[in-house]
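The lines below spell out each chain.
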Amino acid sequence: MYKIKGVLFDMDGTLTDTETVFSRSIALAFQEQNLECRDDVLNRVRGVSTQNFKKIVLDIYKDEIDYDRFYDSVLNNYTLIKENEGVKLKKGALELLNYLKENNIKTAVATSTVRKNAEHTLKHGKILDYFDEIITGDMVQNGKPAPDIFILAANSLGLEPKDCIGIEDSLNGIRSCLSAGVYTVFIEDLLKINEELNEKVDLNAESLLDVIDKIKELNMGE
């Protein structure tokens, strides 16, 4: 039986409405090198570590792409779009974060991006101060879908994974949560969950508001 002491959040597409911003940034970077931005590529790179992102892109585009220039462009585009358009939060994000703060439930971000980008996004979304820990893809050896980042996020809070909820919007992120042994919540953003993973997640939620009710249910009688 789960008793929730901590909540581990993916960031892009889960807390912040920035997964579309990341996709736009990638598309612009491909365009700069006169390469087609394929939907299947965008789907494969969602939620993966920086290392896996590079591997996927180079496996597909091989000698066609100047990868270092491409990746620098992705990051620059991502930063500029956020600064020009702001960072919108996903439905229920503030309500959930305030509930967790009021009930002394610890919080961590577990995102595949690098720390500089994570802090930039959270700052522009005005939610940086809500988190006890920020764990980023450059802090673990194996990125999502490996469990490392969620295990480290839980441990950074002084908790075991079984004491935590992990919230994700990507299939790679869900696999990471399941392998880590956290109570796994899927929030749909750009991708629908497949049947195999849908049977394994603990909660398929419409929004982050649903997580508040689930925590109350799991912690009832504590």
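A brief look at the structure comes next. (Residues numbered from 1 in each chain as written. Predicted model: local features only at pLDDT ≥ 70, side-chain atom pairs only at ≥ 80, totals over all residues. Heavy atoms only, no water.)

1. Let's talk about the packing of helix α5 (residues 93-102) against helix α10 (residues 209-218)
Thinking step 1. Direction vectors running N to C along α5 and α10 enclose 30°, while the axes themselves pass 8 Å from each other. The angle between α5 and α10 places the two elements in the roughly parallel class. As for how α5 packs across α10, the hand of that crossing is left-handed. Two secondary-structure elements touch here, α5 through Glu95, Leu96, Tyr99 and Leu100 and α10 through Leu209, Val211, Ile212, Ile215 and Lys216.
Thinking step 2. A class-by-class count of the residues in the contact of α5 with α10 yields 7 nonpolar, no polar and 2 charged. (Axes fitted to C-alpha atoms, helices over the stretch in contact; angles between N-to-C directions. Helix = DSSP H or I, 4+ residues; strand = E, 2+ residues; numbered from the N terminus. Parallel < 35°, antiparallel > 145°, perpendicular 65-115°, else oblique. Left-handed = near helix turned anticlockwise from the far one by under 90°. Contact = heavy atoms within 4.5 Å. Nonpolar A, V, L, I, M, F, W, Y, C, P; charged D, E, K, R; others polar.)

2. Focus on the pattern of salt bridges
Thinking step 1. All chains considered together, the criterion is met by 12 salt bridges.
Thinking step 2. Here glutamate 168 and lysine 144 are joined by a salt bridge, their closest N and O atoms 2.6 Å apart. Of this pair, glutamate 168 sits in strand β4 (residues 164-168) while lysine 144 sits in the loop between β3 (133-136) and α7 (148-156), and the two are 24 residues apart along the sequence.
Thinking step 3. When its relative accessible area of 1% is taken as the criterion, lysine 144 is described as buried. (Salt bridge = Lys/Arg side-chain N within 4 Å of Asp/Glu carboxyl O. Buried < 20%, exposed > 50% of the residue type's maximum accessible area, 1.4 Å probe, protein only.)

3. Regarding the side chain of lysine 90
Thinking step 1. Within the secondary structure, lysine 90 sits in the loop between α4 (67-85) and α5.
Thinking step 2. Under the relative-accessibility criterion, lysine 90 is labelled buried at 18%.
Thinking step 3. Setting aside anything within four residues of it in sequence, one finds lysine 90 in contact with Gly13, Thr14, Leu15, Thr16, Asp17, Asp189 and Leu208.

4. Examining the pairing of β3
Thinking step 1. The pairing of strand β2 (residues 106-111) with β3 spans 4 bridges and is classified as parallel. Across the sheet, residue valine 109 finds its bridge partner in β3, namely isoleucine 134.
Thinking step 2. The β-α-β motif built from β2, the intervening helix α6 (residues 115-124) and the parallel element β3 has right-handed crossover chirality. (Pairing = 2+ DSSP bridges. Right-handed = clockwise from strand over helix to strand, strands pointing away.)

5. Considering unusual backbone geometry
Thinking step 1. A cis amide bond links lysine 144 to the next residue, proline 145, at an omega of 15°.
Thinking step 2. For proline 145, the position within the fold is in the loop between β3 and α7.
Thinking step 3. Positive phi, normally seen in glycine, also occurs at lysine 62, with a value near 45°.
Thinking step 4. Relative to the assigned elements, lysine 62 resides in the loop between α3 (50-61) and α4.
Thinking step 5. Classification of lysine 62 as exposed rests on a relative accessible area of 54%.
Thinking step 6. The phi torsion at lysine 126 lies on the positive side, around 60°, for a residue other than glycine.

Taken by themselves, the reported measurements are silent on function.
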